Amino acid sequence: MSQPAYKRILLKLSGEALMGDDAYGINREVVAGIVNDVVEVTRIGVEVGIVIGGGNIFRGMAGAASGMDRATADYMGMLATVMNAIALADAFRAAGVNARVQSALRIDQVVEPYIRGKAIRYLEEGRVVIFGAGTGNPFFTTDTAAALRGSEMGADIVLKATKVDGIYTADPKKDPTATRFQRISFDEAISRNLAVMDATAFALCRDQRLPINVFSLFKSGALKRVVMGEDEGTLVYC
Ligand code: UDP
């Protein structure tokens with residue numbers, strides 16, 4: 001049997017990925033589906049860290065737009081990601097898999113704090129680690145947290161799950177002639193002004209020579225195909 005292309009991955013899930021077609025919150029069926037996909041890749045020996053977003057519950061930018069202090073709103077956004085992390089861990093529990101949540105903000109009664117060495121040990125033990133509260137700092141995003149934790153964990157790749165199955169020459173919903181890039185270099189993505197991740201996240205991955213694969217979690221078996229190194233989504237390479 002062929003071997004996975006990556007030993008350790010950092011999967012970035014947006015909060016919206018947990019919503020499914022709902023307008024808000026966490027759809028348990030959708031979450032169970034994501035958990036199944038992740039469990040499938042852990043069974044073939046891939047170590048998985050997950051950074052989870054919070055956009056299904058609260059976004060700092062939205063709070064600021066309605067008049068809140070931006071940093072205060074961002075802390076609320078980070079707390080939203082912790083709720084998602086807890087829900088995701090619970091779905092792993094229901095699937096018989098022990099996942100650990102680590103939070104960049106201390107809420108010790110609820111989840112353990114982020115401790116890099118401990119997180120790496122969990123990964124080595126084959127446990128899924130879910131990183132909540134983003135970077136722990138306002139004015140950042142969970143994309144940046146994914147680049148950061150991916151770098152800290154020594155991940156081989158950051159996998160960014162989106163609704164679209166990769167990076168296209170134009171928005172495929174608006175332009176039927178748009179084609180998907182199978183691979184694209186960081187430099188070309190920059191020169192073409194492609195929005196792969198936010199700029200801070202993208203710069204960190206490029207500096208750390210940490211490749212990114214943008215793919216759709218809603219395509220059946222996509223995560224497994226990505227980790228097997230098959231043509232799925234778009235690979236951004238150095
Ligand atoms: N956030 C933050 N610092 C971080 C990560 C997240 O302040 O390091 C806040 C920010 O307000 C953001 C919210 O948490 O809007 C939810 O994260 P994000 O928007 O990245 O979630 P996603 O879009 O992936 O669901």
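Every chain is numbered on its own, with residues counted from 1 as its sequence reads. Totals for whole chains, interfaces and linings use every residue, but because this is a predicted model, local features are given only for residues with pLDDT of at least 70 and side-chain atom pairs only at 80 or more, for both listing and counting.

A. Seen up close, the site of the ligand. Using a C-beta atom placed from the backbone, a residue is scored as near a molecule or strand whenever that atom is within 6 Å of it. Taken together, the neighbourhood of the ligand is formed by 24 residues, with Gly53, Gly55, Gly60, Gly77 and Gly134 sitting nearest. Contributions of two or more residues to the shell around the ligand are made by helix H2 (60-65), helix H3 (70-94) and helix H5 (142-153). Only DSSP runs of H or I covering at least 4 residues are called helices, and only runs of E covering at least 2 are called strands; the numbering of each starts at the N terminus. For the shell around the ligand, the element with the highest residue contribution is H3, accounting for 5 residues. Residues that form the shell around the ligand fall into these classes: 6 nonpolar, 14 polar and 4 charged. Classification used: nonpolar for Ala, Val, Leu, Ile, Met, Phe, Trp, Tyr, Cys and Pro, charged for Asp, Glu, Lys and Arg, polar for all others including Gly.

B. Seen up close, the environment of Ser185. Among the structural elements, Ser185 can be located in strand S7 (residues 183-185). On a C-alpha basis, the gap between Ser185 and Phe92 in space is 34 Å, while along the polypeptide they are 93 residues apart.

C. Inspection of the sheet that holds strand S1 (residues 8-13) at higher detail. Here, strands pair whenever DSSP counts at least two bridges between them. Pairing is mixed across the open sheet formed by 9 strands, whose spatial order is S4-S3-S5-S2-S1-S6-S8-S9-S7. Edge positions in the open sheet fall to strand S4 (112-113) and S7, since each of these has one partner strand only. The pairing of strand S6 (residues 157-162) with strand S8 (residues 212-216) spans 5 bridges and is parallel. Counted as the bridge partner of Val158 is Ile212 from S8. By the convention adopted here, residues make contact when the C-beta atoms placed from their backbones lie within 7 Å. For helices, the fitted axis covers only the stretch in contact; all axes are lines through C-alpha atoms, and the angles between them, taken along N-to-C directions, range from 0 to 180 degrees. Sitting on the sheet, H3 touches strand S2 (47-52), strand S3 (99-103) and strand S5 (128-132), and the angle it makes with S5 is about 160°.

D. Local environment of the packing of helix H1 (residues 28-43) against H3. Axis separation between H1 and H3 bottoms out at 9 Å; the angle between their running directions is 65°. Classified by chirality, the crossing of H3 by H1 is right-handed. Within the contact between the two elements, H1 uses Val31, Ala32 and Val35 and H3 uses Ala87, Leu88, Ala91 and Phe92. Taken together, the residues that form the contact of H1 with H3 break down as 7 nonpolar, no polar and no charged. The crossing is said to be left-handed when, going from far helix to near helix, the turn is anticlockwise and less than a right angle, and right-handed when the turn is clockwise.

E. Structural detail: the environment of Thr141. Inspection of the secondary structure assignment puts Thr141 in the loop between S5 and H5. On a C-alpha basis, the gap between Thr141 and Gly60 in space is 9.4 Å, while along the polypeptide they are 81 residues apart. Residues contacting Thr141, with those up to four places away along its chain left out, are Gly134, Asp198 and Ala201.

F. The arrangement of unusual backbone geometry in detail. With a phi angle near 65°, Ala133 is a residue other than glycine that sits in the positive phi range. Position of Ala133 among the secondary structure elements: in the loop between S5 and H5. A residue is classified by how many C-beta atoms lie within 10 Å of it, and Ala133, with 29 of them, is buried. Its identity is not glycine, yet Asn193 carries a phi of approximately 60°, on the positive side. Checked against the element boundaries, Asn193 lands in the loop between helix H6 (186-191) and helix H7 (199-207). With C-beta atoms placed from the backbone, a residue counts as buried when 20 or more other C-beta atoms lie within 10 Å of its own, as exposed when 12 or fewer do, and as partly exposed for counts between those limits.

G. View of the environment of Leu194. Here Leu194 is to be found in the loop between H6 and H7. With 158 residues separating them along the chain, Leu194 and Asn36 place their C-alpha atoms 31 Å apart.

Without other data, these values stay purely geometric and don't point to any function.
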